[in-house]
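# Structural description and commentary
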Amino acid sequence: MTEQLLPARPAHPLPDGVSITPEGQRPDQEPSLAARNNGGVVPGAAPAPAGRREALLVLGFGGPEGHEQVMPFLENVTRGRGIPRERLESVAEHYHHFDGVSPINDQNKALVAALRGAGVDLPVYWGNRNWAPYVEDVWREMATDGVEHAYVLATSAYASFSGCRQYHEDVARARVALESDPDGPTGPTAEKLPHYFDAEGFVQANADALAAALAELPAELRDGARLVATAHSIPNAMAAVAGPQGHTYERELEAAARLVVDRVAPGRSFDLVWQSRSGPPSVPWLEPDVNDHLRTVAEAGEQAVVVFPVGFISDHLEVIWDLDNEAEETAGELGLAFARAGTAGTHPAFVRSLVDLLAERRAGGEPRLGTNCPANCCFVERPAGRPGSVPAS
Ligand SMILES: CC1=C(CCC(=O)O)c2cc3nc(cc4[nH]c(cc5[nH]c(cc1n2)c(C)c5CCC(=O)O)c(CCC(=O)O)c4C)C(CCC(=O)O)=C3C
Ligand SMILES: [Fe+2]
């Protein structure tokens, strides 16, 4: 399915100063932790051995749950990434507007509950990259509970360092942390479930949300409203190495947005733009930003927009701040009617697709991109550890 949607393209030239070996490893780097641990992934597509004690781990981004947690959380997210202090301080303000509480943890808990409710016949665990419950702690818990193999469901539907490779790294780090404790239990083996940007239920959930947002606009503006898909911007250098051939993040997003729009208004045009840019201004990231795009749209004489954040699976802080505050305000200043579509969240069709994805893998179904992706694809920089995590050597 992925193959058909994403016709083979020639490998893209890498940006100046970036080179990778055939294995996808940048020569100036140490091998990544995941590469040395086989990506935390069991190769091949063999059916699950009978009698193996398995679990599903929902692996999320994590978010703070109070004012005092905001800065430590942001430091976890950005350690070693060269994000300017001023950027951190302004992002901290976004969190403080919501009492320092990101909605993301509750949203991931709701997803776990929905997966259990949809009949996943495995224990379902939840852990995070950037905040408690940390993946390392959940790994130990699974080990103590006797789990032998964990299927990892990352809360991102797409390829890229942030959305795919970094989750492999998180798992690898958790496994190393456990293995390096001679007195502790040996942790489960692991395998990441594939990207689900084109899964039937993900498309359906986003299509229902897009249709609902369109219906919020005054009737006379609906047919002409500009449909604007958004996703998290990433550095151009990260986009260039996303997926085995590069630029897979953009291609998967384009494919997902096309599927979503076609289900609501077949053939209707849409724009794919970016939000939540971080990093120093000197580093190029994917453009245009959604706010700049709204200006372009208004200058072209459009009257209405529907923004649908197909790049995310829940209405977390970057959605509710960057779109419902910033982008909506921009639209207001420009005199554009504005509606924002929801994300997949716990839409029953989406949850059903995730259950199916798990069942397919357990039955030994074809591995798709994101499962056994080459050990170092999407690899841009060596992820920094957190205090308490085991260094890579
Ligand atoms: C591709 C992508 C996704 C989608 C895939 C996925 O879901 O994984 C995503 C999701 C999210 N990003 C989030 C929050 C943040 N992202 C940041 C920074 C960054 N994101 C990046 C990319 C992505 N990010 C990148 C390349 C950076 C620069 C630092 C680096 O190179 O790693 C920063 C630092 C401050 C700043 O914005 O500068 C914050 C606070 C939250 C939680 C929101 C909440 O709390 O509800 C979520 C779900
Ligand atoms: Fe982010």
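Residues numbered from 1 in each chain as written. Chains lettered and ligands numbered in written order. Predicted model: local features only at pLDDT ≥ 70, side-chain atom pairs only at ≥ 80, totals over all residues. Heavy atoms only, no water.

The name that an unreviewed UniProt entry assigns to the chain is Coproporphyrin III ferrochelatase, with the source organism given as Klenkia soli. Recorded in UniProt for the chain, the comment headed Function (unreviewed entry) runs: "Involved in coproporphyrin-dependent heme b biosynthesis. Catalyzes the insertion of ferrous iron into coproporphyrin III to form Fe-coproporphyrin III." UniProt, in its Catalytic activity (unreviewed entry) section for the chain, records the words "Fe-coproporphyrin III + 2 H(+) = coproporphyrin III + Fe(2+)". (UniProt positions renumbered as here; feature names shortened; annotations may be inferred.)

### A few points about the sheet that holds strand β5 (residues 226–232)
As summarised here, the arrangement of the four strands in space is β6-β5-β7-β8, forming an open sheet in which the pairing is parallel. Edge strands, defined here as strands with exactly one partner in the open sheet, are β6 (271–275) and β8 (337–340). On average, adjacent strands in this sheet sit at an angle of 30° to one another, irrespective of strand direction. In the packing of helix α11 (residues 248–264) onto the sheet, the strands contacted are β5, β6 and β7 (304–308), and the crossing angle to β6 comes to about 125°. Of the strands in this sheet, β5, β6, β7 and β8 touch helix α13 (residues 317–334), which is tilted by about 170° from β8. (Pairing = 2+ DSSP bridges. Helix = DSSP H or I, 4+ residues; strand = E, 2+ residues; numbered from the N terminus. Axes fitted to C-alpha atoms, helices over the stretch in contact; angles between N-to-C directions. Contact = heavy atoms within 4.5 Å.)

### Some remarks on the packing of aromatic side chains
With the rule as written, the count across this model stands at eleven aromatic pairs. Here F73 and Y95 contribute two aromatic rings whose centre-to-centre distance is 5.6 Å and whose plane-to-plane angle is 65°, an arrangement assigned as edge-to-face. On the criterion of sequence distance, the pair formed by F73 in helix α3 (residues 67–78) and Y95 in helix α4 (residues 85–96) is long-range, its members being 22 residues apart. Taking the centre distance of 5.8 Å and the plane angle of 50° together, the rings of Y196 and F350 count as tilted. You can see Y196 sitting in the loop between β4 (189–192) and α8 (200–216) and its partner F350 sitting in helix α14 (residues 348–362), a full 154 residues away along the chain. Neither residue differs from the other here; Y196 and F350 are each classed as buried. One aromatic cluster is present, formed by Y158, Y196, F197, F202, Y249, W274 and F350 through successive ring pairs. Cation over ring: R129 sits above Y167, and NZ or CZ is 4.0 Å from the ring centre. (Phe/Tyr/Trp six-rings, centres within 6.5 Å; stacked < 30°, edge-to-face > 60°. Buried < 20%, exposed > 50% of the residue type's maximum accessible area, 1.4 Å probe, protein only. Lys NZ or Arg CZ within 6 Å of the ring centre and 35° of its normal.)

### Some thoughts on the pattern of salt bridges
Overall, the coordinates contain 18 salt bridges when judged by the stated rule. In this structure, the salt-bridge partner of E75 is R85, at a minimum N-O distance of 3.4 Å. With E75 in helix α3 and R85 in helix α4, this pair connects stretches of sequence that are ten residues apart. Overall, the relative accessible area of 42% leaves R85 in the partly exposed class. The closest approach of N and O atoms between D271 and R226, which form a salt bridge, is 2.8 Å. Placement of the pair is D271 in strand β6 and R226 in strand β5, with a sequence separation of 45 residues. Look at D271 and you get buried, because its relative accessible area is 15%. Classification of R226 as partly exposed rests on a relative accessible area of 26%. Sharing partners across several salt bridges, the network here consists of R52, E54, D121 and R362. (Salt bridge = Lys/Arg side-chain N within 4 Å of Asp/Glu carboxyl O.)

### Here's the deal with the UniProt feature "binding site: Fe-coproporphyrin III" (unreviewed entry) in the chain
As annotated by UniProt and renumbered to match this structure, "binding site: Fe-coproporphyrin III" (unreviewed entry) occupies S102 and Y167. From this annotated list, the subset lining the largest pocket comprises S102 and Y167. Among the secondary structure elements, S102 is positioned in the loop between α4 and α5 (104–117). On the basis of relative accessible area, S102 is assigned to the buried category, the value being 4%. Contacts of S102, omitting those with residues within four sequence positions, involve G63, P64, Y95 and L317. Examined against the element boundaries, Y167 turns out to sit in helix α7 (residues 161–179). Contacts of Y167, omitting those with residues within four sequence positions, involve L59, G60, F61, R129, A154, T155, S156, S162 and K192. (1 Å grid on protein atoms, 1.4 Å probe; cavity = no way out; pocket = protein on both sides within 12 Å on 5 of 7 lines; lining within 4 Å.)

### Points about empty space enclosed by the protein
Enumeration over the complete set of coordinates arrives at three cavities of 30 Å³ or more. Taken as a whole, the second largest cavity spans an internal volume of roughly 50 Å³. For the second largest cavity, the full set of lining residues is R87, V91, H94, Y95, L317, E318, W321 and D322. Mapped onto the lining of the second largest cavity, the elements with two or more residues apiece are α4 and α13. Taken together, the residues that form the lining of the second largest cavity break down as four nonpolar, one polar and three charged. Of the residues that make up the lining of the second largest cavity, three or more belong to each of domain 1 (2–195 + 347–362) and domain 2 (200–340). (Points joined across faces, edges and corners; volume = space filled by probe spheres on them. Nonpolar A, V, L, I, M, F, W, Y, C, P; charged D, E, K, R; others polar. Domains from an automatic or database assignment.)

### Structural notes on the site of ligand 1
Around ligand 1, 27 residues are found, and the nearest of them are R87, Y95, S102, S278 and L317. Within the contact set of ligand 1, an oxygen atom lies 2.7 Å away from a side-chain nitrogen or oxygen of R87. At a separation of 2.9 Å, an oxygen atom of ligand 1 approaches a polar side-chain atom of Y167. Relative to its unbound accessible area of 880 Å², ligand 1 is 97% covered by the protein chains. In a pocket analysis with a 2 Å cut-off to the grid points, ligand 1 is assigned to the largest pocket. At the level of secondary structure, the elements contributing two or more residues to the shell around ligand 1 comprise α3, α4, α7 and α13. Among the residues making up the shell around ligand 1, the classes are represented as 15 nonpolar, nine polar and three charged. For the shell around ligand 1, the domains that each give at least three residues are domain 1 (2–195 + 347–362) and domain 2 (200–340). (Near = heavy atom within 4 Å. Polar contact = N/O pair within 3.5 Å; in protein donor to acceptor, adjacent residues only side chain to side chain. Areas by Shrake-Rupley, 256 points an atom, 1.4 Å probe, with all protein chains shown as cover. Sits in = over half its atoms within 2 Å of the grid points.)

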